[in-house]
Amino acid sequence: MSNEPGVSVVIPFYNTAEYLEEAIESVLAQSYASFELVLVDNKSTDGSDVIAARAAARDSRVRLVHNTDFLSQVQNYNHALAQISPASRYCKMVQADDAIMVHCLTEMVALAEAHPSVGVVSSYRLYGNRVMPPVMPEVKPMMSGREAGRMALRDDVSLFGTPTTLMIRSEIVRRRAPFYAEGRYFEDVDLVYELLVDCDFGFVPQILSFQRPDARSTWGRMRDYYPSDLARLLQLEMYGRNYLEPDELARVRTAHEAAYRRLLAAAFLQRREPEFWAYHRKGLATAGLSIERLALARAAFSVAVDKVLDPRSAVAALTRLARRKTSRRRDP
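Residues numbered from 1 in each chain as written. Predicted model: local features only at pLDDT ≥ 70, side-chain atom pairs only at ≥ 80, totals over all residues. Heavy atoms only, no water.

**Looking at the side chain of Asn78**
Step number 1: Mapping Asn78 onto the fold places it in helix α3 (residues 73–81).
Step number 2: One polar contact links the side chain of Asn78 to the main-chain amide nitrogen of Tyr180, over a distance of 2.7 Å.
Step number 3: With residues near it in sequence (within four places) discarded, Asn78 still touches Pro178, Phe179, Tyr180 and Glu182. (Helix = DSSP H or I, 4+ residues; strand = E, 2+ residues; numbered from the N terminus. Polar contact = N/O pair within 3.5 Å; in protein donor to acceptor, adjacent residues only side chain to side chain. Contact = heavy atoms within 4.5 Å.)

**Points about the nonpolar core**
Step number 1: With 44 residues, the main nonpolar core has Val120, Leu159, Phe160, Phe179, Leu196 and Phe201 as its most contacted residues.
Step number 2: If we ignore the near neighbours within four places in the chain, the residues touching Phe160 are Ser122, Ala148, Gly149, Ala152, Thr165, Leu166, Val189, Val192, Tyr193, Leu196 and Phe201.
Step number 3: With 32 residues, the next largest nonpolar core counts Ile11, Val94, Val109 and Leu208 among its residues. (Core = buried A, V, L, I, M, F, W, Y, C linked by side-chain atoms within 4.5 Å. Buried < 20%, exposed > 50% of the residue type's maximum accessible area, 1.4 Å probe, protein only.)

**Considering the environment of Val173**
Step number 1: Position of Val173 relative to the elements: it lies in helix α6 (residues 170–175).
Step number 2: Using a relative accessible area of 7% as the deciding quantity, one classes Val173 as buried.
Step number 3: Put simply, Val173 and Tyr90 are 83 residues apart on the chain and 8.9 Å apart in space, counted from C-alpha to C-alpha.
Step number 4: Beyond its immediate sequence surroundings of up to four residues, Val173 is in contact with Leu81, Ile84, Cys91, Ile168 and Phe179.

Below is the structure:
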C-alpha cells in the first residue's frame, strides 16, 4: 500500500463530451499513485455522463457523482469540492476541457511536502501553445503569500493561472464553504488572494497543465470585453492593501485606472454595444466601483485627440471626407 499523501482530483463537468475523456485520461495516466478522481456531472445532456460512467466502471479510483439539480458553474465547482475524500491531504481541480501533464501530481505534492507552510501550489501551464506565465527566473519554489501576491499585483503576472493550474491543501478546502465566492466575475483568482493572506505559495518551474483556449468557454465568450483589464482593476481595489505598500499601491492603481479609463473611452468612441457596458458596470459594482462619466468623457476626448494627431488616422479621415464630398458632387 502506498505511503504517499492522498490527493483528491475533482472534475466538475457539464456538456463537455468533446474534451472530457482527454481530461479524465490525463488524470488516470499520472505517475503519482495515491489519488482518487471525483467526476461530478451537472445534469449533462450530450453524453458526457456516459463517458464518465465508463471511466468509473473500469477504474476503481474513479467515483461518479450526479447532481440532483442543475447548478451554475461556480455552484457546481463548490459542490464538487465538497465531495473530496476526508482522508485526502491535497485537492486538485481539473476543468473538464483542460488536462494535466503526467508528472503534475508528483511534482506538486513533492513541493508541498517539502514546505508544510505552503497552502497553494502553482506552476507554468500551456495556454494553447503558449507558456503562461512567461518564464520568470525571480519566481522561487517557495514564497511567502505576501511576496507572491505582491508580485502578481505589482507586475501584472498571471502567477496563479486557473483552477486547473493549482493544487490546494484539502484542509483549506474543507474549512471554507462555499469555497468559491458566488456573484464574482473572477472568483478563482480572488480566492487565491484571499488564501495567501494566511499561507505560503509554492511554484513548480515546470509546465504541468494545459488550458484550452476555447471560444465557447466563459472566458472565451467574454474576451472581447477586456476581462483582464477589469480583473486587474478589481483585484488592486480589493486586495492591494494586503500585499502592496501604500505608495506602491497608489502608483500601480493610478497607472492602471488611467489605462482602464482610456480603454473604456475607446469603447465609447467605438459605440460598443449595451452588453459591453453592462458587463463592466456589473463587474465594477462587485468592488463598489462605477464608471465615472466625467472621467470617461475626459478620457474619450484624449483618445479622440490622439487619433486626430496620429498622421495615419488624420490622412484616413481626410480621405474619407474627400470621398464623401466627391460623392455629393456626383449626385444629381
